[in-house]
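Summary of the model geometry
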Amino acid sequence: MKVGIIGASGYVGGELLRILIGHPNAQLSFATSRRYAGEYVYRIHPNLRGLTTLQFEDHKISIQEDCDFVFVALPHGESVKIIPQLAQTGVKIVDLSADFRLKNPEDYNRWYGYTHLHPDLLPKFVYGVPELHHDQIKNSQLVACPGCMAVTAILALAPVVQSGLIENAHIVVDAKIGSSGAGEKPTIATHHAERAGVVRPYKPAGHRHTVEIEQELSLLTGNSVRISLSAHAVGMVRGILCTCHTFLSKGIEIQDLWKMFRKFYSSSPFIRLIRDVKGIHKFPDPKFVIGSNFCDIGFEIDNHAERLVLLSASDNLMKGAAGSAVQCMNIMFGLDETSGLRSPAIHPV
Ligand SMILES: NC(=O)c1ccc[n+]([C@@H]2O[C@H](COP(=O)([O-])OP(=O)(O)OC[C@H]3O[C@@H](n4cnc5c(N)ncnc54)[C@H](OP(=O)(O)O)[C@@H]3O)[C@@H](O)[C@H]2O)c1
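This write-up is about the structure you can find in this document. Just so you know, these numbers come straight off a predicted model, no measurement behind them.

As a structural note, the neighbourhood of the ligand is formed by 27 residues, with Ser9, Val12, Ser33, Arg34 and Leu74 the closest of them. A distance of 2.6 Å is found between an oxygen atom of the ligand and a side-chain nitrogen or oxygen belonging to Ser33. In the complex, 85% of the free accessible area of the ligand, which totals 890 Å², lies under the protein chains. Broken down by secondary-structure element, the contributors of at least two residues to the shell around the ligand are helix 1 (11–21) and helix 10 (318–332). A breakdown of the residues in the shell around the ligand according to their chemical character gives ten nonpolar, twelve polar and five charged. The two domains that each donate at least three residues to the shell around the ligand are domain 1 (2–146 + 319–332) and domain 2 (149–316).

As structure tokens, this is what we get:
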């Protein structure tokens, strides 16, 4: 399979390159960058030195006949400018930006501040969470990968939201994310002296991923689900931890939760359930998924407050972006879902 990456000089593009270089069924056809055209990719992604002699090319949207698949890893507002033309070539596409994630075009005005240029294409995209939309992804030409915090929260919440066990109008997601979530473009907020060691609440309300989480969980239940998301920047480079506070509408035992989660994720190779009884690693922790495509999920019942706490941890560049994108590509080509994605996390890191 010949695969190209548009926007390969960024953090997500670099992670796609890292995965695809080791993928048994993929051959890198091209990697684009406006700034680094003609430069070896390993100069920008030094972890890839000795593994590839590929050079960046300028962005292209006329795809050669020998390319089977394209990942688009551009900022939102840019993908939408090139994907309509790309899609017409018939090539299969996974877009990593937010441009095709939302079903309701009005949501782009409200949450992203722009009027969608191609609302006609929105119904053609499948939301790229294989744990929820495996069969649709398999039969689709176009997939929109979810936001990193959105997918991490959705995976923790989906089984309980579907079960009717909690109040679906009253869910609080507290998300903590590392600095690579902001991309490679430096700003004062990502400057080392400002960012190192922080636990900075940067979006206590109104984060854009709220609408994705509500969209997907509402689709799952057929009823409106309301999410209160608060996002914090923390002093990690990679990783997300979502602590989801939900409120029980009926009693439940821990064993029932185990059964529910095991059943819901029985065919999901990248979901690990973590609720250990001893040691220090009892619950999900982003430190133990870094570099892997796993999303670790745990739970605890707080009988005092009739609260069910759900915890999920992912690597924002893997399950939160490039890992999920390659998982979707595998499914779209009828390959084993885990192809190229079997490496465990690094420990200690
Ligand atoms: N970082 C994450 O954790 C994460 C997780 C999930 C989804 N995403 C989404 O994935 C996409 C890529 O994220 P990233 O973190 O890799 O961003 P990034 O590090 O900032 O990289 C952006 C890429 O897009 C290109 N680019 C930037 N501005 C452009 C423009 N105006 N026109 C065309 N190309 C442009 C850059 O290439 P040149 O400037 O070299 O041409 C670069 O290759 C974004 O939509 C982001 O929201 C990111």
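Next, the rest of the story.
Turning to the pairing of strand 2 (residues 27–32), a few remarks are in order. Within strand 2, five of the six residues are buried, leaving the element largely enclosed by the surrounding structure. Following the chain from strand 1 (residues 2–6) across helix 1 to the adjacent parallel strand 2, one finds a crossover that is right-handed. When strand 2 meets strand 3 (residues 56–57), the two strands line up parallel, connected through two bridges. Residue pairing for strand 3: Ala31 is matched across the bridge by Phe56.

Look at helix 5 (residues 130–138) against helix 10: their axes get within 9 Å of each other, and the N-to-C directions meet at 40 degrees. Along this stretch, helix 5 crosses helix 10, giving a crossing that reads as right-handed. In this structure, helix 5 contributes Pro130, Glu131, His134, Ile137 and Lys138 to the contact, and helix 10 contributes Lys319, Gln327, Cys328, Ile331 and Met332. Considering only residue class, the contact of helix 5 with helix 10 consists of five nonpolar, two polar and three charged.

Across a sheet, strands are paired by hydrogen bonds formed along the backbone, either parallel or antiparallel in direction. In spatial order, the strands read 9-10-8-11-14-13-12; together these seven strands make up an open sheet with mixed pairing. Each end of this open sheet is capped by a strand with a single partner; those strands are strand 9 (199–203) and strand 12 (271–273). The sheet shows a mean angle of 25 degrees between the axes of neighbouring strands, taken without regard to direction. Pairing of strand 8 (residues 166–177) with strand 11 (residues 240–248) involves eight bridges; the strand directions are antiparallel. Bridge assignment links Val173 to a residue of strand 11, and that residue is Cys244. Seen against the sheet, helix 9 (residues 254–264) touches strand 12, strand 13 (295–302) and strand 14 (307–314) and runs at an angle of roughly 155 degrees to strand 13.

What counts and what doesn't
Residues numbered from 1 in each chain as written. Predicted model: local features only at pLDDT ≥ 70, side-chain atom pairs only at ≥ 80, totals over all residues. Heavy atoms only, no water. Near = heavy atom within 4 Å. Polar contact = N/O pair within 3.5 Å; in protein donor to acceptor, adjacent residues only side chain to side chain. Areas by Shrake-Rupley, 256 points an atom, 1.4 Å probe, with all protein chains shown as cover. Helix = DSSP H or I, 4+ residues; strand = E, 2+ residues; numbered from the N terminus. Nonpolar A, V, L, I, M, F, W, Y, C, P; charged D, E, K, R; others polar. Domains from an automatic or database assignment. Buried < 20%, exposed > 50% of the residue type's maximum accessible area, 1.4 Å probe, protein only. Right-handed = clockwise from strand over helix to strand, strands pointing away. Pairing = 2+ DSSP bridges. Axes fitted to C-alpha atoms, helices over the stretch in contact; angles between N-to-C directions. Left-handed = near helix turned anticlockwise from the far one by under 90°. Contact = heavy atoms within 4.5 Å.

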